[in-house]
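Overview (structure and organization)
Residues per chain, in single letters:
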Amino acid sequence: MITPPDRTPLPREFFDRPVLEVAPDLLGRTLVRTTPDGPITVRLTEVEAYDGPNDPGSHAYRGRTARNEVMFGPPGHVYVYFTYGMWFCMNLVCGPEGRASAVLLRAGEVLEGAELARKRRLSARNDKELAKGPARLATALGVDRALDGTDACASGETPLRMLTGTPVTSDQVLNGPRTGVAGDGGVHPWRFWIANDPTVSPYRAHVPRRRSS
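Throughout what follows, the structure given in this document is the object of discussion. From a predicted model like this one, the values you see are computed outputs, not experimental measurements.

Calculation criteria
Numbering of residues starts from 1 in every chain and runs along the sequence as written. Confidence filtering applies because this is a predicted model: local features only for residues at pLDDT of at least 70, side-chain atom pairs given and counted only at 80 or more, and all residues used for totals across whole chains, interfaces and linings. Note: side-chain values were computed over all heavy atoms of the structure, leaving out hydrogens and water. Going along the chain from the N terminus, every DSSP run of H or I of four or more residues is numbered as a helix, and every run of E of two or more is numbered as a strand. Every radius of gyration here is taken over C-alpha atoms, with the globule rule written as 2.2 Å times N^0.38, N being the number of residues. When accessible area is computed with a 1.4 Å probe and restricted to protein chains, residues below 20% of their type maximum are described as buried, those above 50% as exposed, and intermediate ones as partly exposed. Contact criterion: two residues are considered in contact whenever any of their non-hydrogen atoms come within 4.5 Å of each other. Exposure was quantified through the Shrake-Rupley algorithm and a 1.4 Å probe, taking into account, for residues, occlusion by the shown protein chains and nothing else. Counted as positive: Lys and Arg. Counted as negative: Asp and Glu, with His and the chain ends omitted from the count. Charged groups are reduced to one reference atom each: NZ for lysine, CZ for arginine, CG for aspartic acid, CD for glutamic acid. Working definition of a nonpolar core: buried Ala, Val, Leu, Ile, Met, Phe, Trp, Tyr and Cys residues. They are joined through side-chain atoms within 4.5 Å. Any two rings among Phe, Tyr and Trp, with Trp reduced to its six-membered ring, count as a pair given centres within 6.5 Å; such a pair is stacked if its planes are under 30 degrees apart, edge-to-face if over 60, and tilted if neither. Consider the ring centre and the ring normal. A charge sits over the ring if Lys NZ or Arg CZ is within 6 Å of that centre and within 35 degrees of that normal. The pairing criterion for strands is at least two bridges between them, as found by DSSP. Any two cysteine sulfur atoms within 2.5 Å of one another count as a disulfide.

When helices and strands are tallied, the chain shows four helices and eight strands. Secondary structure elements of the chain, listed N to C terminal, follow the sequence α-α-β-β-β-β-β-α-α-β-β-β. Since a compact globule built from 213 residues should have a radius of gyration of about 17 Å, the 16 Å found for the chain is in line with a globular shape. Seen through its principal axes, the chain has C-alpha atoms that stretch 55 × 40 × 35 Å. In the chain, buried positions account for 49% of the 213 residues. Contacts spanning at least 24 positions in sequence make up 62% of the contacts within the chain whose residues lie at least 6 apart. Element-wise, carbon and sulfur atoms account for 52% of the exposed surface of the chain, whose accessible area totals about 10,700 Å². Here the chain carries 27 positive and 24 negative side-chain charges, and the mean point of each set is 8 Å from the other.

Moving on to the nonpolar core. Residues F15, L26, M90, V103, L105 and M162 are the most contacted members of the largest nonpolar core, which totals 42 residues. The greatest single-element share of this core, amounting to five residues, is contributed by strand β2 (residues 38-50). M90 has contacts with L31, V78, Y79, V80, V103, L104, L105, L137, L141, V143 and L160, leaving out every residue within four places of it along the chain.

The full count for this structure, using the stated rule, is three aromatic pairs. Pairing F14 with F15 gives two aromatic rings, centres 5.0 Å apart and planes at 75°, and the pair type is edge-to-face. Classification of F15 as buried rests on a relative accessible area of 0%. Over the face of the ring belonging to F14 we find R17, whose NZ or CZ atom lies 4.6 Å from the ring centre. Geometry around W193 places R191 over its ring, the cationic atom sitting 4.1 Å from the centre.

Okay, the pairing of strand β1 (residues 30-35) next. Burial analysis of β1 places five of its six residues in the buried class, which makes it a mostly covered element. Of the pairings in the sheet, the one linking β1 to β2 comprises six bridges and is antiparallel in character. Within β2, the residue paired with R33 across the bridge is I40. Note: β1 against strand β6 (residues 160-163), four bridges, orientation antiparallel. Residue R33 lies in a different strand from β6, and its bridge partner there is L160.

Another point: the environment of G113. One can find G113 in the loop between β5 (102-112) and α3 (114-120). The sequence separation of G113 and A66 amounts to 47 residues, and the corresponding C-alpha distance is 33 Å. When neighbours within four sequence positions are excluded, G113 is seen to be in contact with P39 and I40.

In this section: helix α4 (residues 134-141). When you tally the buried positions in α4, you get six out of eight residues, the bulk of the element. Contacts from the buried residues of α4 go to β1, β2, β4 (87-93), β5 and α3. Note on α4: the residue one or two positions beyond its end, G142, has a positive phi of about 65°.

Tallied over the full model, the rule gives zero disulfides. No disulfide involves C89; its sulfur sits 16 Å from the nearest other cysteine sulfur, which is in C94. Residue class for C89 comes out buried when judged on its relative accessible area of 5%. Of all cysteine sulfurs, the one in C94 lies closest to C153, which takes part in no disulfide; the gap is 9.9 Å. With relative accessibility at 15%, the residue C153 sits in the buried group.

Shape is all these values report; function is a separate question.
See below:
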């Protein structure tokens, strides 16, 4: 059986590059989530790059911990974290092993398995909102910390796999400040998205959280 070009798995070498090269190159690629009820396929439309020791916004800026261990490689693995006490977000690890960097998957278009995603995203007003934002994307795919460390480049059965998809041309890629990132990490224009795509999440600047008295 011949695999169509767009269904070819992305090789590990794709991710073994600087994160600012990998991030925009992920736009238009497809992520397949295999579940007992069937597959869900998402076309990536928005991502954010996080560059480890060079990036105050990165979870790995201050070094290795039990939480961020997966960010240190190998490349092509999935880093999942829990945020705000209620949501999961997923990243794809990049760069050489031992140097933490990753791309946050911010939004995508559900191409296959929308009926499964709808069951997890009951508040979505339409299918364009199923994976519109990093927590929504992870929720639609049923991703949680149990999938932290999954190899998205593995052969055979795997719960998450990155495929070649249909990469977009450079003139379709826009970039700007990352969403909701505070301090020095907020100045980097390391959010990348497909121009005029309706599944891209709206930009929101960081708003300091009020401390309870």
